[in-house]
Amino acid sequence: MRRIVCRQQQRGAATLVVAMVLMFAMSLAAYFLNRNMATEHRLAANQVLAAQAFEAAEAGLEWATAQLNNAKKSGTDCLPSTEAAAQSFRTRYLNFDASTGLHTPRTWTQAAKAMSLQAVCVRNPGQANGWACSCPASGHPSLPVNNTTPAFVVTLMPASTPGQLRVVAQGCSSHAGACQPGSNFKADATAQVQQLVALVGGLASAPVAVLTAVGNVNTPSALGLHLGNVPSMRATVQAGGHVLAPNARIGAAAGGVSSLSVVEHDKGLTSLSAARFFSLLFGADAATWRAQNVVHKLACADNCNAAVLDALATTDGPLLMWAEGDLALTGPLNVGTVTRPVLLVVSGSAKLSGEVQVHGLLHAARVEWNADGTGAGRVTGAVTSASDYNGSGAPDLVFDAAVLQTLQANSGSFARVAGSWKDF
């Protein structure tokens, strides 16, 4: 009996040991399984954060390009502003050197050190455009800290080629780290992308005469045509048809002969359609040029003075305007300045009366300038017509190479340069 009890006790102890070993093995397996699941969860969470940061950086590139192509004045919140001191994003963040054609980013000074101006946006579904942004003219961007939604910071960098810029956008999984300049907080994930953008000028090729008409020039008035000291200019008037302006006041270039500066029956012009003439001047067809976001579309009926003045008051920098159909302007009216010229394109007839002062280029399907007793008008830049020029007015048309150069080199839209995108 003693032997039987002893064997039974031994068998019970062995079972206990086996059960404990199995339980330990199962616990160990459960531990490693749980550890792997936790690791996978962390990896998945990190991938989500990394994707959020990358997409925010890409959004920063798109946002910066759109802002550069927005001529509307904006406040430090990057939203449209009617304040007199407000500037467009392009004017606030870029300097333009007419002598070199280079656009250089503006800076501000902190502790005697030049700092690049930056703009920051934080994802905010409550905003109309989905983002809350800060675009200061000096200092670090300032926004309420939001550590739960993605953000991006945009920095503009200079390029060695005239008309080009490098846009650098850093995206963050939250409003921290690089996306909160001046702070020491860290974001869980960050990403950086950059892209070259190049300016596609509003004016591709400046006219060679102060007045260019594909058709005829007919005016009995004392129309003033002035070249000033522009020896490279060969014409005050260039027309595809005849030039009938017996009372015109022609000021040829220094040393030039007035009568020789009038070119009529130009076969190079008569062979051009209105569409071809437009594309030669502006580097694109009319529909494409008009579709640019930077082009201000005029909405007016008979008298467009108010619409033009509103466009000038709500925008900044050289202004591109498109008028669908006919455009009527009456003096006294000042449109543009030497430092802020306008490029006014009219798909129909441009009908001007009296003392209208324009700094820039006026282009229309047809140009008519009449006298109304308010005084003589003036265009400082050039006038082009896809057909005829006529009228009883006697404005002074003065060729200004600097104004036209500004329209070529500092107006228009920035577009991405193919092959220049980098994520490092």
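The preceding data block contains the structure.
Residues numbered from 1 in each chain as written. Predicted model: local features only at pLDDT ≥ 70, side-chain atom pairs only at ≥ 80, totals over all residues. Heavy atoms only, no water.

Caption draft 1: Summary view of the overall build of the protein. Scanning the protein from terminus to terminus reveals seven helices and 26 strands. Summarising its shape, the C-alpha atoms of the protein cover approximately 145 × 45 × 40 Å along the three principal directions. The proportion of buried residues among the 424 residues of the protein is 49%. Expressed as a percentage of contacts within the protein between residues at least 6 apart in sequence, the contacts between residues at least 24 apart total 59%. Counting only carbon and sulfur atoms, one obtains 57% of the accessible surface of the protein, whose full area is about 20,500 Å². Each charge class in the protein can be summarised by its mean position, and for the 27 positive and 23 negative side chains these summaries are 22 Å apart. (Helix = DSSP H or I, 4+ residues; strand = E, 2+ residues; numbered from the N terminus. Buried < 20%, exposed > 50% of the residue type's maximum accessible area, 1.4 Å probe, protein only. Contact = heavy atoms within 4.5 Å. Areas by Shrake-Rupley, 256 points an atom, 1.4 Å probe, with all protein chains shown as cover. Lys, Arg positive; Asp, Glu negative; His and termini not counted. Charge placed at Lys NZ, Arg CZ, Asp CG, Glu CD.)

Caption draft 2: Highlighting the packing of aromatic side chains. Tallied over the full model, the rule gives 10 aromatic pairs. Residues Trp 63 and Phe 152 carry aromatic rings whose centres are separated by 5.7 Å and whose planes lie at 55 degrees to one another, so their mutual orientation is tilted. With Trp 63 in helix α1 (residues 2-68) and Phe 152 in strand β7 (residues 151-158), this residue pair connects regions lying 89 residues apart in the sequence. For the pair formed by Trp 63 and Phe 152, the shared burial category is buried. A ring pair is formed by Trp 131 and Phe 152, whose centres lie 4.9 Å apart and whose planes are at 55 degrees; its orientation type is tilted. In this pair, Trp 131 is assigned in strand β6 (residues 131-134) and Phe 152 in strand β7, connecting sequence segments 21 residues apart. One aromatic cluster is present, built from ring pairs that chain together Trp 63, Phe 89, Tyr 93, Trp 131 and Phe 152. Over the ring of Trp 131 we find Arg 123; its NZ or CZ atom is 5.7 Å from the centre of that ring. (Phe/Tyr/Trp six-rings, centres within 6.5 Å; stacked < 30°, edge-to-face > 60°. Lys NZ or Arg CZ within 6 Å of the ring centre and 35° of its normal.)

Caption draft 3: Summary view of the environment of Asp 423. Here Asp 423 shows up in the segment after β26 (412-416). Using a relative accessible area of 44% as the deciding quantity, one classes Asp 423 as partly exposed. Placed 256 residues apart in sequence, Asp 423 and Val 167 show a C-alpha to C-alpha distance of 12 Å. Excluding residues within four positions of it along the chain, Asp 423 makes contact with Gln 192 and Val 193.

Caption draft 4: Molecular detail of the state of the cysteines. Following the criterion strictly, the structure yields four disulfides and no others. Here Cys 300 pairs with Cys 304 through a disulfide, and the sulfurs are 2.0 Å apart. What sets the handedness of the Cys 300 and Cys 304 disulfide is the S-S torsion sign, and at about 85 degrees it is right-handed. On the basis of relative accessible area, Cys 300 is assigned to the partly exposed category, the value being 29%. Listing the disulfide partners of the protein by sequence rank of the bonded cysteines yields 1-4, 2-3, 5-6, 7-8. (Disulfide = S-S within 2.5 Å.)

Caption draft 5: Seen up close, the pairing of strand β21 (residues 342-353). β21 sits mainly inside the fold: 10 of its 12 residues count as buried. The sheet contact formed by strand β18 (residues 319-323) and β21 spans five bridges and is parallel. Bridge assignment links Met 321 to a residue of β21, and that residue is Leu 344. Across four bridges, strand β19 (residues 327-330) lies against β21 in parallel orientation. Residue pairing for β21: Ala 328 is matched across the bridge by Lys 351. For β21 and strand β22 (residues 356-370), the ladder comprises 10 bridges, and the chain directions are parallel. Looking at β22, one finds that Lys 351 is bridged to Glu 368. (Pairing = 2+ DSSP bridges.)

Caption draft 6: Looking closely at the pattern of salt bridges. According to the stated counting rule, one finds five salt bridges in the structure shown. Asp 396 is the partner of Arg 249 in a salt bridge, and the nearest nitrogen-oxygen pair spans 2.9 Å. Of this pair, Arg 249 sits in strand β15 (residues 249-251) while Asp 396 sits in strand β25 (residues 396-399); the two residues are 147 residues apart in sequence, bridging distant segments of the chain. For Asp 396, a relative accessible area of 18% puts it in the buried group. Put simply, Asp 326 and Lys 351 hold a salt bridge, and the shortest N to O gap is 3.7 Å. Of the two residues, Asp 326 sits in the loop between β18 and β19 while Lys 351 sits in strand β21, which places them 25 residues apart along the sequence. (Salt bridge = Lys/Arg side-chain N within 4 Å of Asp/Glu carboxyl O.)

Caption draft 7: Looking closely at the sheet that holds β26. Spatial ordering of the open sheet is given by β6-β5-β7-β8-β9-β26, a layout of six strands whose pairing is antiparallel. Each edge of the open sheet is held by one strand with a lone partner, namely β6 and β26. The sheet shows a mean angle of 25 degrees between the axes of neighbouring strands, taken without regard to direction. Where strand β8 (residues 164-172) meets strand β9 (residues 190-201), nine bridges bridge the pair, whose relative direction is antiparallel. For Gln 164, the partnering residue across the bridge sits in β9 and is Ala 198. (Axes fitted to C-alpha atoms, helices over the stretch in contact; angles between N-to-C directions.)

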